[in-house]
Amino acid sequence: MSKLNKADKEKLFNITTGLHLTTNWEHNRALIAALYSENAPELEIATYWTQTSDFVYLTPGAEAIFGNYLQSIKRGDVLQSEHLEPISDLPGCYSMSLKLGGQMLGMLLVQVNDMALPVAEQLLQALIPQFSLARFASEMQEEVEKRTSTDKLTGLWKRSYFNERFREESERLSRSKEVGSVAIMGLDDMAAMVRMMPQDEQNELLEQAGKALRSLLRQTDWVVRWDNFEILFYFPNTAPEAAVEVFSRCVKALSRINPLLQVMIGLCSSAETTSARGLIQMADKRLNLARKDGRRQLVCFASKTTGLQFWEYKV
């Protein structure tokens, strides 16, 4: 390891003591950019993560330098060396592996301008332990999040959890004479306004919507965060006509929270099919029919006596 002069030692000290990385990668990126721009502006830094094949530009000029390279990178291009090695396609640029306990996490890429390579490597080594640990913690957090049953924001079931359980439930329905109803609710007005709404405002409305729906439904009913602005419902032992009545309460409660929470609903029942996929596809098809009708606060469903029909909720 090269001996550092007094100025380089001060840079190393500033970077080492200034690093406080977390699982919040917006915070991490901003902090790293600030520390290296102030103490080592000669370096432009980016990273490539092996597991997800995504990348992050850590300093202001990194995207212009590494953008094309990272867009075309393959897993086989990931370097295994723990020291800086030249990138053949990018003159003046180097890469080194990012590992934690022998586990390969990715690769750090750096352009070195007017700085001795051994000095640059020591300044980067100050970053790597925390950087790798923060990434590993993020991956573990994401894995735990995937395994939990409920969506953190709305408190509703996650789609993946629902899919696992609903396959079993549809098999049960096919063996019994019980009729259950499946519906997909679209928060279409909110979806149309999403680009003009701050993220925190979107989150607050979705959180309130989830809370309102959970309070109105039975404990045996399933409510799922199906998509960003769609919610799926499964009502066991409930005919479509009874589900229409349940939704009248839901529609009123959501409209009282905010006018943007006006909804369209597609509804079907296991009397029509007991296929898990078939029920979801039918509910989705009827949601689209409701959208095409032109009226608002509408549910599309099928009745034994009158066939396919639309019901408009008056709030």
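Keep in mind that what you see is a predicted model, and the values were worked out from it rather than measured. (Residues numbered from 1 in each chain as written. Predicted model: local features only at pLDDT ≥ 70, side-chain atom pairs only at ≥ 80, totals over all residues. Heavy atoms only, no water.)

**Things to note about the sheet that holds strand β2 (residues 54-57)**
- Strand order across the open sheet formed by five strands is β2-β1-β5-β4-β3, with antiparallel pairing between neighbours. The sheet is open, and its two borders are formed by β2 and β3 (85-86), each paired with just one other strand.
- The pairing of strand β4 (residues 93-100) with strand β5 (residues 103-112) spans eight bridges and is classified as antiparallel. Across the sheet, the residue bridging to Tyr94 is Val110, located in β5.
- Relative to strand β1 (residues 43-49), helix α3 (residues 62-71) is tilted by about 30°, and along the sheet it contacts β1, β2, β4 and β5. (Pairing = 2+ DSSP bridges. Helix = DSSP H or I, 4+ residues; strand = E, 2+ residues; numbered from the N terminus. Contact = heavy atoms within 4.5 Å. Axes fitted to C-alpha atoms, helices over the stretch in contact; angles between N-to-C directions.)

**Overview of the nonpolar core**
- Among the nonpolar cores identified, the biggest contains 33 residues, and Tyr36, Leu43, Leu108, Leu124 and Phe131 are the most heavily contacted of them.
- Among the secondary structure elements, those contributing two or more residues to this core are α2 (25-39), β1, β4, β5, α4 (117-125) and α5 (128-147).
- Take this core: its biggest share by element is five residues, from α2.
- Leu124 has contacts with Tyr36, Leu43, Ile45, Leu84, Met96, Leu108 and Val110, leaving out every residue within four places of it along the chain.
- Counting residues in each nonpolar core, the second largest holds 31 residues, with Leu217, Phe229, Leu254 and Tyr313 among its members. (Core = buried A, V, L, I, M, F, W, Y, C linked by side-chain atoms within 4.5 Å. Buried < 20%, exposed > 50% of the residue type's maximum accessible area, 1.4 Å probe, protein only.)

**With respect to empty space enclosed by the protein**
- According to the stated counting rule, one finds one cavity of 30 Å³ or more in the structure shown.
- Taken as a whole, the largest cavity holds about 40 Å³ of empty space.
- Along its surface, the largest cavity is lined by Thr154, Leu156, Leu187, Leu206, Ala209, Gly210, Arg225, Asp227, Asn228, Phe229, Glu230 and Ile231.
- Elements that contribute at least two residues to the lining of the largest cavity include exactly α8 (199-216), β8 (222-227) and β9 (230-235).
- With three residues, the top contributor of residues to the lining of the largest cavity is α8.
- Within the lining of the largest cavity, the residues separate by chemical class into six nonpolar, three polar and three charged. (1 Å grid on protein atoms, 1.4 Å probe; cavity = no way out; pocket = protein on both sides within 12 Å on 5 of 7 lines; lining within 4 Å. Points joined across faces, edges and corners; volume = space filled by probe spheres on them. Nonpolar A, V, L, I, M, F, W, Y, C, P; charged D, E, K, R; others polar.)

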